[in-house]
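Descriptive analysis of the structure
So the chains spell out like this:
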Amino acid sequence: MDLATYLGNSQSTTSAASAAPATARKKDLGALNQEDFMQLMLQQLKSQDPFKPTDNTQFIAQMAQLSSVTGISEMKNSLVDVVDSLRSSQVLSASNLLGREVLVSKDTFSLSAAAPSVIGQIELAKPAQQVDIEIRNASGAVVRRMQSGAQAEGPLQFAWDGKDDSGAAVVEGDYTIQATATTDGQRLALEMQMRAPVTGVSLPTGGQGPQLQVQGLGTLKLSDVKEVG
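In this report, the structure presented in the accompanying data block is examined. In this text, all values refer to a predicted model and were calculated from it rather than measured experimentally.

Now for the overall build of the protein chain. Helix and strand content of the protein chain: four helices and twelve strands. Within the protein chain, counting contacts between residues at least 6 apart in sequence, those at least 24 apart form 63% of the total.

The structure is reproduced here in structure tokens:
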């Protein structure tokens, strides 16, 4: 008689003798712990037929089951400890970014009294004859155009002071910044990056990693940071 068989028989006997609901007495095999296995094995030894004792091979296999259950339980606890340690380390790293500027890939910016301007950066994979930057409001209208002459390969930084082409301050709200480069007669879209200070750090529930509140850029993941200023 193996453990699963004995458990089934034990539940059937209890079911017939007890008035308690069956759902309260039944225990899922997947929820068995080390103590449950030991109790079942001892009961199995007490209940075995003396003329047909449990085969040694079968008994050893059951002991192996017990060791496996114990090992899985200990491994689970160890993994939980490792995950908690990693999250704590991430939070500590993120907290060190408070007040510092970070560079992230993003093309939208929320203009406000707290964030009246923005510093952007684009990466040129090859020299460009011209670079054009357009800033659009939430409705898609272009409020500012900036243009540069020939640029060498590498990073190109620019700043927007929150004003339109006529020099008037634009209204607060969300803006999109797009850049294109003219290289060998072709216009190529460029990835936009922005630089802004970190104003807060939070740790969401559900096992997610720490998140950063970046001025004008909203909430970002720690993995979004490409460079720390």
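Our next topic: the pattern of salt bridges. Scanning the model with the defined rule gives six salt bridges in all. With a closest N to O distance of 3.5 Å, glutamate 134 and arginine 145 form a salt bridge. With a gap of eleven residues between them, glutamate 134 in strand β4 (residues 130-136) and arginine 145 in strand β5 (residues 142-148) connect regions that are remote in the sequence. Between arginine 144 and aspartate 165 there is a salt bridge, with the nearest N and O atoms lying 3.9 Å from each other. Pair noted here: arginine 144 is in strand β5 and aspartate 165 is in the loop between β6 (154-160) and β7 (173-183), with a separation of 21 residues, a long-range link. On the basis of relative accessibility, which here comes to 47%, the residue aspartate 165 falls in the partly exposed class. Put simply, Glu134, Arg136 and Arg145 are held in one network by salt bridges that share partners.

This brings us to the pairing of strand β11 (residues 218-221). Of the pairings in the sheet, the one linking strand β10 (residues 211-214) to β11 comprises four bridges and is antiparallel in character. Each bridged residue has a counterpart across the sheet, and for glutamine 213 the counterpart in β11 is threonine 219. In textbook terms, the turn of a hairpin is the stretch between consecutive antiparallel strands, and for β10 and β11 this stretch comprises three residues, one of which, glycine 216, has a positive phi near 80 degrees.

Turning next to the side chain of arginine 195. Among the secondary structure elements, arginine 195 is positioned in strand β9 (residues 192-202). At a separation of 3.3 Å, a polar atom in the side chain of arginine 195 contacts the side chain of glutamine 121. A polar contact is formed between the side chain of arginine 195 and the side chain of glutamate 227, at a distance of 3.1 Å. What arginine 195 contacts, discounting residues up to four positions off in sequence, is Glu101, Val102, Leu103, Ile119, Gln121, Gln157, Glu227 and Gly229.

Quick look at the nonpolar core now. Of all hydrophobic cores here, the largest spans 33 residues; its most connected members are Val131, Trp160, Ile177, Val214 and Leu217. The contacts of leucine 217, once residues within four sequence positions are left out, are Val104, Lys106, Thr108, Phe109, Met194 and Ala196.

Further remarks concern unusual backbone geometry. Residues other than glycine seldom take positive phi values, yet aspartate 184 does so here, at roughly 55 degrees. Along the chain, the position of aspartate 184 falls in the loop between β7 and β8 (186-190).

Position of lysine 221 relative to the elements: it lies in strand β11. Looking at lysine 221, the relative accessible area reads 48%, which means it is partly exposed. Residues lysine 221 and alanine 94, 127 residues apart in the sequence, show an inter-C-alpha distance of 9.7 Å.

Note that lysine 106 resides in the loop between β1 (101-105) and β2 (108-111). Each C-alpha atom, one on lysine 106 and one on methionine 194, is 6.2 Å from the other, the two residues being 88 residues apart in sequence. Excluding anything up to four places from it in sequence, lysine 106 contacts Met192, Gln193, Met194, Leu217 and Leu220.

Below, the discussion takes up the environment of leucine 92. Tracing the chain through its elements places leucine 92 in helix α4 (residues 56-95). Sequence separation between leucine 92 and proline 210 is 118 residues, and the spatial gap between their C-alpha atoms is 9.4 Å.

The rules behind these values
- Residues numbered from 1 in each chain as written.
- Predicted model: local features only at pLDDT ≥ 70, side-chain atom pairs only at ≥ 80, totals over all residues.
- Heavy atoms only, no water.
- Helix = DSSP H or I, 4+ residues; strand = E, 2+ residues; numbered from the N terminus.
- Contact = heavy atoms within 4.5 Å.
- Salt bridge = Lys/Arg side-chain N within 4 Å of Asp/Glu carboxyl O.
- Buried < 20%, exposed > 50% of the residue type's maximum accessible area, 1.4 Å probe, protein only.
- Pairing = 2+ DSSP bridges.
- Polar contact = N/O pair within 3.5 Å; in protein donor to acceptor, adjacent residues only side chain to side chain.
- Core = buried A, V, L, I, M, F, W, Y, C linked by side-chain atoms within 4.5 Å.

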